[in-house]
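These are the residues of each chain, in order.
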Amino acid sequence: MVKHLTKSNLKVRAFAFALATLINLTFLATSALAQDAGMSAPAQEGEKLFKANCTSCHDMQNKMTGPALKDVHTRRSDEWLLKWIRNNEKLRASGDKDAIAIFNEYNKVVMNNFESLSEDQVGNIIAYFKEYVPPAPKVDPGATATPEVSFYSEPTLYILLFLIAVLLVVLMILRRTKNSLKSSYEEMTGVKEEESVESPKSAAMRKWINPTILKISIGVVVLLSLATYGFYFGVTDVGVQQGYAPEQPIKYSHKIHAGDLQIDCKYCHSTAEYSKQASVPSLNTCMNCHKGVQLRDKYNGDISPEIKKIYAAMDYDAESGKYGDNAKPIRWIRIHNLPDHAYFNHSMHVKGAGVTCQTCHGPIQEMEVVQQYSTLQMAWCINCHKERNIDVENNPYYEKLHAKIKAEKDNKNSVYSKYFTNDGKIKITPAQNGALECSKCHY
Ligand code: HEC
Ligand code: HEC
Ligand code: HEC
Ligand code: HEC
Ligand code: HEC
Ligand code: HEC
């Protein structure tokens, strides 16, 4: 058996072991990271198209301007969906009963036609509908959220650090095994390897730096450093955009509409109260007024050039008062945008906690052009959660909790005693209610 333990044999084994370990670990890591890429390529493509074209009116889970679409493939055939999405007006005109029924159900709100999307692209969107998996429920404040895996997330960092640690340990073990095997080989055969030609210095170096192991380790260290750097870059580079105020495709002014005309924010951002997103309104909302409001006085009898842009996008002909087939959505430039790993829910704050829009967005009603007023950084969220008092007294949502707390007012040992200030008033911060837990805000 001693025969097998030649030096080159040892090297090959060490190399094979290291390689197998690496492959195993890489496999482990990638399968952990690949979880959110569970959809097929067409469905992923479809998701992108859906997000770019449809989310102004549709949510997969919730009814918005249009229906929730998560089960739509179960109520409609692929063929129907293709026709509807590309030109719902034509489908309705063809007398399709389902198309007419859903149109009436949604108060004849017109969905844009998407003939600019190819049949394949619409096919991808349909594939997305089919493969869509709803995220774990997060809206229910009582439920514990299951974190979703995205690349820029804490787990990734831990996996990377863990991999580095494991590889270092593997390298150490390999070196030790090699050395002890070598010395037992020498003991048993009585042959001292490399007694000799080599200078003591380079022999010592060689003992430390086995070229194969060296190559593997350099490769691994470089790869892992890049990945770690990429992670930090992704994490720290996203997001801080306070003051960001891009010019929009139509010179829509909040100062005119929300300020001078005093239109309620929720008239346009109607979903803010009951869904995660506040959502920018579709042009149909604008048309409620701008079919009539053309400001011809201001432009010597002509229609305002900015309002013409609305008509052009809706393919609306002001003279005949008819809509054509070529409506396309306006691409408003998104201003507020948290990174994907953070979760924010409007209804929870607006309806649940009664925080006004202006607390977070500033005096929007005075802005000609919307700008990002707050930093939207984590510390901003956390600070408010530590300080703000949840008004449990005047909020029906907290009726039961409030009653319980009040009943325990004089009981110093009660779990509710922490909710009383020194002068006997009730103060509950979101922090006391669990709003500092990482998983509440991070997927
Ligand atoms: C301007 C708002 C708007 C946009 C943008 C929009 N939709 Fe719609 N969609 C609606 C409305 C409203 C309805 C309900 C029917 C109606 O009133 O025409 C609807 C209905 C549907 C239906 C039928 C649902 C059912 O239950 O039968 C499908 C499917 C659909 N939309 C897919 C899409 C897709 C895909 C996109 C993006 C490519 C999109 N919609 C973009 C407003 C919109
Ligand atoms: C008449 C419709 C209308 C009303 C009323 C309205 N908005 Fe808007 N809002 C829009 C449109 C359209 C946009 C997208 C264009 C833009 O950014 O100016 C928008 C954009 C925004 C944005 C930026 C969205 C982003 O991209 O991050 C915020 C924040 C906002 N509105 C808050 C408010 C608040 C707060 C009020 C009430 C004081 C309000 N809006 C009233 C139509 C409206
Ligand atoms: C409730 C009615 C109402 C709604 C809804 C509404 N507007 Fe207006 N809008 C007005 C009125 C009234 C004016 C004229 C104000 C004035 O006298 O200058 C106006 C003015 C404008 C102007 C300035 C035009 C110019 O040349 O001076 C633009 C652009 C505009 N609106 C875009 C929009 C867009 C985009 C939407 C949808 C997001 C929208 N409006 C929704 C009532 C409305
Ligand atoms: C507690 C703070 C807070 C309050 C209150 C708040 N928002 Fe927001 N809003 C945000 C944050 C944070 C974002 C970015 C969300 C994201 O990127 O996921 C945002 C995004 C938006 C957007 C962009 C579209 C979207 O949904 O992401 C609009 C429009 C908007 N808010 C309007 C409103 C209106 C209108 C109100 C009041 C009814 C309101 N917000 C109240 C913090 C707030
Ligand atoms: C101006 C104050 C304020 C800001 C800013 C704010 N929040 Fe909140 N948040 C609250 C209040 C108040 C509640 C308590 C709501 C309730 O329980 O009714 C809350 C609750 C929450 C909850 C629910 C916690 C639970 O216990 O279920 C989450 C999640 C949350 N906020 C996320 C965020 C994120 C993410 C940001 C930053 C992007 C943010 N919030 C910024 C005031 C704020
Ligand atoms: C109230 C909501 C909230 C809570 C609770 C919260 N975070 Fe965050 N976190 C955020 C938001 C929002 C961002 C995005 C900030 C940005 O884009 O600058 C963020 C960003 C981060 C980042 C990226 C680095 C950065 O600053 O941009 C890390 C890492 C992080 N959070 C870790 C944690 C950990 C760990 C916890 C628990 C101890 C935690 N977070 C709790 C809201 C929260």
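A quick note: this is a predicted structure, and the numbers were derived from the prediction, not measured.

Considering the overall build of the protein
Right, so step 1: Per the secondary structure count, the protein includes 19 helices and two strands.
Right, so step 2: Evaluated residue by residue, the protein yields a buried proportion of 32% over its 443 residues.
Right, so step 3: Here the analysis covers contacts within the protein between residues at least 6 apart in sequence; of these, 66% occur between residues at least 24 apart.
Right, so step 4: Within the structure as shown, the protein displays about 27700 Å² of accessible surface, and the carbon and sulfur contribution to it stands at 59%.

Some remarks on the site of ligand 3
Right, so step 1: Taken together, 18 residues form the shell around ligand 3, and within it His257, Cys286, Cys289, His290 and Tyr299 come nearest.
Right, so step 2: Here a nitrogen atom of ligand 3 sits 2.8 Å away from a polar atom, N or O, in the side chain of His257.
Right, so step 3: Broken down by secondary-structure element, the contributors of at least two residues to the shell around ligand 3 are helix 11 (254-260), helix 13 (283-290) and helix 14 (305-314).
Right, so step 4: Here the shell around ligand 3 takes four residues from helix 13, the largest share from any one element.
Right, so step 5: Its residues assigned to classes, the shell around ligand 3 comprises 11 nonpolar, four polar and three charged.

Focus on the site of ligand 4
Right, so step 1: Near ligand 4 lie 22 residues; those nearest to it are Ala278, His346, Cys357, Cys360 and His361.
Right, so step 2: Here His346 contributes a side-chain N or O atom positioned 2.9 Å from a nitrogen atom of ligand 4.
Right, so step 3: The separation between a nitrogen atom of ligand 4 and a polar side-chain atom of His361 is 2.8 Å.
Right, so step 4: Elements represented by at least two residues in the shell around ligand 4 include exactly helix 12 (265-268), helix 15 (346-352) and helix 16 (357-361).
Right, so step 5: Split by residue class, the shell around ligand 4 holds 11 nonpolar, nine polar and two charged.

Observations regarding the coordination of the iron atom of ligand 5
Right, so step 1: Every protein donor of the iron atom of ligand 5 is listed here as His349 (NE2) and His385 (NE2), and their distances to the metal cover 1.9 to 2.0 Å.
Right, so step 2: For the iron atom of ligand 5, the six donor atoms in the first shell make angles of 88 to 179° at the metal, a pattern classed as octahedral. Of this pair, His349 sits in helix 15 while His385 sits in helix 17 (residues 378-387); the two residues are 36 residues apart in sequence, bridging distant segments of the chain.
Right, so step 3: The exposure class of His385 is buried, given its relative accessible area of 13%.

Thoughts on the coordination of the iron atom of ligand 4
Right, so step 1: Protein-derived coordination of the iron atom of ligand 4 comes from His346 (NE2) and His361 (NE2), at a distance range of 2.0 to 2.1 Å.
Right, so step 2: For the iron atom of ligand 4, the six donor atoms in the first shell make angles of 88 to 179° at the metal, a pattern classed as octahedral. Linking His346 in helix 15 with His361 in helix 16, this pair joins segments that are 15 residues apart in sequence.
Right, so step 3: Judged by relative accessible area, His361 falls into the partly exposed class, the value being 22%.

Re a nonpolar patch on the surface
Right, so step 1: On the surface, a nonpolar cluster with roughly 360 Å² of combined accessible area is contributed by Leu214, Ile218, Val222 and Leu226.
Right, so step 2: Mapped onto the elements of the fold, Leu214 is located in helix 10 (residues 211-237).

Topic: the packing of aromatic side chains
Right, so step 1: All chains considered together, the criterion is met by eight aromatic pairs.
Right, so step 2: Ring pairing ties together the aromatic residues Phe50, Tyr128, Phe129 and Tyr132, which thus form one cluster.
Right, so step 3: A cation over a ring is seen here: Arg76 above Trp80, with NZ or CZ 4.5 Å from the ring centre.
Right, so step 4: Note that Arg92 overlies the ring of Phe103, its terminal NZ or CZ placed 3.6 Å from the centroid.

Quick word on the pattern of salt bridges
Two side chains of opposite charge can pair, provided their charged atoms sit close to one another.
Right, so step 1: This structure, assessed with the given rule, holds 11 salt bridges.
Right, so step 2: Three or more residues joined by partner-sharing salt bridges are found here, namely Lys251, Glu306 and Lys309.

A word on the environment of Leu49
Right, so step 1: Among the structural elements, Leu49 can be located in helix 2 (residues 41-53).
Right, so step 2: Of the residues examined, Leu49 reaches a relative accessible area of 13% and is grouped as buried.
Right, so step 3: Between the alpha carbons of Leu49 and Asn124 there is a distance of 8.3 Å; along the sequence they are 75 residues apart.
Right, so step 4: Discounting residues that sit within four places of it in the chain, Leu49 has contacts with Cys54, Leu117, Gln121 and Ile125.

Considerations on unusual backbone geometry
Right, so step 1: A positive phi angle, near 55°, is found at Lys108, a position not held by glycine.
Right, so step 2: Its place among the elements puts Lys108 in the loop between helix 6 (97-105) and helix 7 (119-131).
Right, so step 3: Unusually for a residue other than glycine, Leu295 sits at a positive phi of about 55°.
Right, so step 4: Relative to the helices and strands, Leu295 is located in the loop between helix 13 and helix 14.
Right, so step 5: On the basis of relative accessible area, Leu295 is assigned to the partly exposed category, the value being 37%.

How each quantity is defined
Residues numbered from 1 in each chain as written. Chains lettered and ligands numbered in written order. Predicted model: local features only at pLDDT ≥ 70, side-chain atom pairs only at ≥ 80, totals over all residues. Heavy atoms only, no water. Helix = DSSP H or I, 4+ residues; strand = E, 2+ residues; numbered from the N terminus. Buried < 20%, exposed > 50% of the residue type's maximum accessible area, 1.4 Å probe, protein only. Contact = heavy atoms within 4.5 Å. Areas by Shrake-Rupley, 256 points an atom, 1.4 Å probe, with all protein chains shown as cover. Near = heavy atom within 4 Å. Polar contact = N/O pair within 3.5 Å; in protein donor to acceptor, adjacent residues only side chain to side chain. Nonpolar A, V, L, I, M, F, W, Y, C, P; charged D, E, K, R; others polar. Donors = N, O, S within 2.8 Å, 3.2 Å for Na, K, Ca; no water. Tetrahedral: all angles 85-135°; square planar, octahedral: opposite > 155°, others 65-115°. Patch = residues over 30% accessible without salt bridge, like charges linked within 9 Å, V, L, I, M, F, W, Y side chains within 5 Å. Salt bridge = Lys/Arg side-chain N within 4 Å of Asp/Glu carboxyl O. Phe/Tyr/Trp six-rings, centres within 6.5 Å; stacked < 30°, edge-to-face > 60°. Lys NZ or Arg CZ within 6 Å of the ring centre and 35° of its normal.

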